[in-house]
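Spelled out from the first residue to the last, the chains are:
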Amino acid sequence: MADIREEKKLTAAKLKTELAPGRYHDGGNLGLYLRVEANGKRYWIQRTTIRGKRTEMGLGSYPMISLATARAKATECKQVVMQGGNPLELKRKAKGVLTFAQAMELYLPTKLAEFDNEKHAKQWRATLDKYAIPILGAKMIDSIDVADVLKVLKPIWETKTETAQRLRGRIEGVMTWATVSGYRKGDNPARWGGNLAELLAKPSKVAKSENQPAVALTDLPRWWKDLDQCEGMAARALQFLTMCASRSGEVRGMTWDEVDLAEASAANFANPGPIWTIPAERMKASKEHRVPLTKEAVDMLRNLPRMQGSPYVFFAPKGGMLSDMSISAVMRRMQAAEVKEGRPGYLDSRNKRPAVPHGLRSTFRDWAAESGIERDLAEMALAHNVGSEVERAYRRTDMLERRRGLLESWGRYMRREVMPKVVFFTTPNQSAT
């Protein structure tokens, strides 16, 4: 959440208006801010330095705590600090000891404000609610020990290793907050190094791969033909997702201002042709990604209807973004139709589970491997990080035009067209792409 610093003091009238998410400074030297969350909730916070350490304290929520009351509380805390005291310790003594559930509720508003993605924020809390609260929720935060944390983690450590790892880190975060806020003392029982690492197996040794079910390569042309017969915007989004080997969220959030449908010039390599540029904030790796659009992808985009007032390329019925479930539903209907006809349908070749949209990226990766495509080229097409951090720092090309040829060959395979041998060559200005 970006800070919105304003030198002018807040007013009661302004607080009654609609404010964008962010932090609004009350001016002066109290360090008083109003934090506005994406969901509209508002909290008073005070930033100060306690015994040489920068600290952020919660002073309550608005409008329960008025502007005048927040200023009074901030003034009182500042006076305590100036006298060498710690307002957090006084706060703890006044409140008594918290339970884990209470500590979590106080910690989460600050933590979740860090997330730009609402889905990630919900997942962060959901794992604590599901696994930690039933066991730790009613326990006093200063009495929780390693044995308590193990009761939460052990049941899922070997079966849901990735979830358990994230859960451990989130419990550690709550416990750390409680310590620095003065509600507990001593080591953090959820710490990994030199603590839980000695009691639980290494995640890399027990983690089980949970790859998303993919359409088998041998089934892909038939699946693509069936998909082409499906109607609706979600079916078109699924087609486009497959053609570009993209993630569902990237396609569903695609807007027209991200697309450049300019035709390429055979004599001008500086004009690489139709491109879809996904901004960094919408990418998993937080890095801008350019997708070269094939003729088939461009034809689809040009034939799509547009809804006035909606920026989305693949829009929902009311103009908003398509849901992830709407695209998944297309594949479920295709699978159900296969089963109804007495056929097994589109199953993953390894786990025999019905394929899902995200699994199509695995199908693409399998095709690239079977076709002898070099690893770096295939990984770049999937928007994966390639090479070490140092290698990426020195690389100046994203192989845009080579990836265009790759996606054209991928499309020919799906359409059962005769596929000539793929020959990738370097153009004079390749380094500039």
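Anything mentioned here points back to the structure above.
Residues numbered from 1 in each chain as written. Predicted model: local features only at pLDDT ≥ 70, side-chain atom pairs only at ≥ 80, totals over all residues. Heavy atoms only, no water.

A. Representation of the overall build of the protein chain. Looking only at helices and strands, the protein chain features 17 helices and 8 strands. For the protein chain, the residues scored as buried account for 45% of the 433 residues in total. Taking the intrachain contacts of the protein chain between residues at least 6 apart in sequence as the baseline, contacts between residues at least 24 apart amount to 57%. Entry remark: accessible area of the protein chain is about 23,700 Å², with carbon and sulfur atoms responsible for 52%. (Helix = DSSP H or I, 4+ residues; strand = E, 2+ residues; numbered from the N terminus. Buried < 20%, exposed > 50% of the residue type's maximum accessible area, 1.4 Å probe, protein only. Contact = heavy atoms within 4.5 Å. Areas by Shrake-Rupley, 256 points an atom, 1.4 Å probe, with all protein chains shown as cover.)

B. Up close: unusual backbone geometry. For the peptide bond that leads from Tyr 62 to Pro 63, omega is 10 degrees, which places it in the cis range. With respect to the element layout, Pro 63 can be found in the loop between strand 5 (53-62) and helix 2 (67-82). A positive phi angle is found at Lys 352, which is not glycine, with a value near 60 degrees. By the secondary structure assignment, Lys 352 is in the loop between helix 13 (324-340) and helix 14 (359-370). Phi angles above zero are rare outside glycine, and Met 399 is one such case at about 55 degrees. As for its placement among the helices and strands, Met 399 is situated in the loop between helix 16 (389-394) and helix 17 (400-414).

C. Geometry of the pairing of strand 2 (residues 22-25). Burial of strand 2 is two-sided: the residues Gly 22 and Tyr 24 facing one way and the residues Arg 23 and His 25 facing the other way are all buried. Looking at chain direction, strand 2 and strand 3 (residues 32-36) are connected through 4 bridges and run antiparallel. Within strand 3, the residue paired with Arg 23 across the bridge is Arg 35. Linking strand 2 back to strand 3 in an antiparallel pair, the connection comprises 6 residues, with Gly 27 at a positive phi of about 80 degrees. (Pairing = 2+ DSSP bridges.)

D. Local environment of the sheet that holds strand 8 (residues 289-292). The antiparallel open sheet is built from 3 strands, whose spatial order is 6-7-8. Single-partner strands in this sheet number two, and they are strand 6 (259-260) and strand 8. Along the sheet face, helix 17 touches strand 7 (275-278) and strand 8 and points at about 45 degrees away from the line of strand 8. (Axes fitted to C-alpha atoms, helices over the stretch in contact; angles between N-to-C directions.)

E. Geometry of the side chain of Arg 236. Looking at where Arg 236 falls in the secondary structure, it is placed in helix 10 (residues 233-244). At 4.8 Å, Asp 228 is the nearest oppositely charged side chain to Arg 236, a buried residue that forms no salt bridge. Among all residues touching Arg 236, those that are not within four sequence positions of it are Leu 227, Asp 228, Cys 230, Glu 231, Met 300, Leu 304 and Phe 314. (Lys, Arg positive; Asp, Glu negative; His and termini not counted. Salt bridge = Lys/Arg side-chain N within 4 Å of Asp/Glu carboxyl O.)

F. Structural detail: empty space enclosed by the protein. In this structure the tally under the stated criterion is 2 cavities of 30 Å³ or more. In this structure, the largest cavity occupies an estimated 50 Å³ of space. Along its surface, the largest cavity is lined by Trp 224, Met 243, Thr 294, Glu 296, Leu 407, Glu 408, Gly 411, Met 414 and Arg 415. No other element matches helix 17, which puts 4 residues into the lining of the largest cavity. (1 Å grid on protein atoms, 1.4 Å probe; cavity = no way out; pocket = protein on both sides within 12 Å on 5 of 7 lines; lining within 4 Å. Points joined across faces, edges and corners; volume = space filled by probe spheres on them.)

G. Highlighting the pairing of strand 4 (residues 42-50). Burial analysis of strand 4 places 7 of its 9 residues in the buried class, the great majority of the element. The antiparallel hairpin formed by strand 3 and strand 4 contains 5 residues in its connecting segment, where Gly 40 sits at a positive phi of about 95 degrees. As paired strands, strand 4 and strand 5 are joined by 9 bridges and run antiparallel to one another. Residue pairing in the sheet places Trp 44 in a bridge with Gly 60 of strand 5.

H. Structural context of the packing of helix 9 (residues 220-229) against helix 13. The contact between helix 9 and helix 13 brings their axes to 11 Å, and the two run at 110 degrees. Classified by the angle between their axes, helix 9 and helix 13 sit roughly perpendicular to one another. Only Val 330, Met 331, Met 334 and Glu 338 of helix 13 make contact with helix 9, whose side of the interface consists of Arg 222, Trp 223, Asp 226 and Leu 227. For the contact of helix 9 with helix 13, the per-class residue count stands at 5 nonpolar, no polar and 3 charged. (Parallel < 35°, antiparallel > 145°, perpendicular 65-115°, else oblique. Nonpolar A, V, L, I, M, F, W, Y, C, P; charged D, E, K, R; others polar.)

I. Inspection of the pattern of salt bridges at higher detail. One pass over the structure, following the stated rule, counts 22 salt bridges. In this structure, the salt-bridge partner of Glu 162 is Arg 166, at a minimum N-O distance of 2.5 Å. On the criterion of helical spacing, the pair formed by Glu 162 and Arg 166 is a turn pair, its members being 4 residues apart in helix 7 (residues 161-180). By relative accessible area, Glu 162 is classed as partly exposed at 49%. Taking the relative accessible area as the measure of exposure, Arg 166 reaches 44% and is therefore partly exposed. Of the charged contacts, one joins Arg 375 and Asp 376 as a salt bridge, the two residues approaching to 3.4 Å between their closest N and O atoms. Judged by its relative accessible area of 48%, Arg 375 falls in the partly exposed class. Via salt bridges that share partners, Asp 219, Arg 222, Glu 338 and Arg 343 belong to a single interconnected network.

Fair warning: the whole summary comes from geometry, so function is off the table for now.
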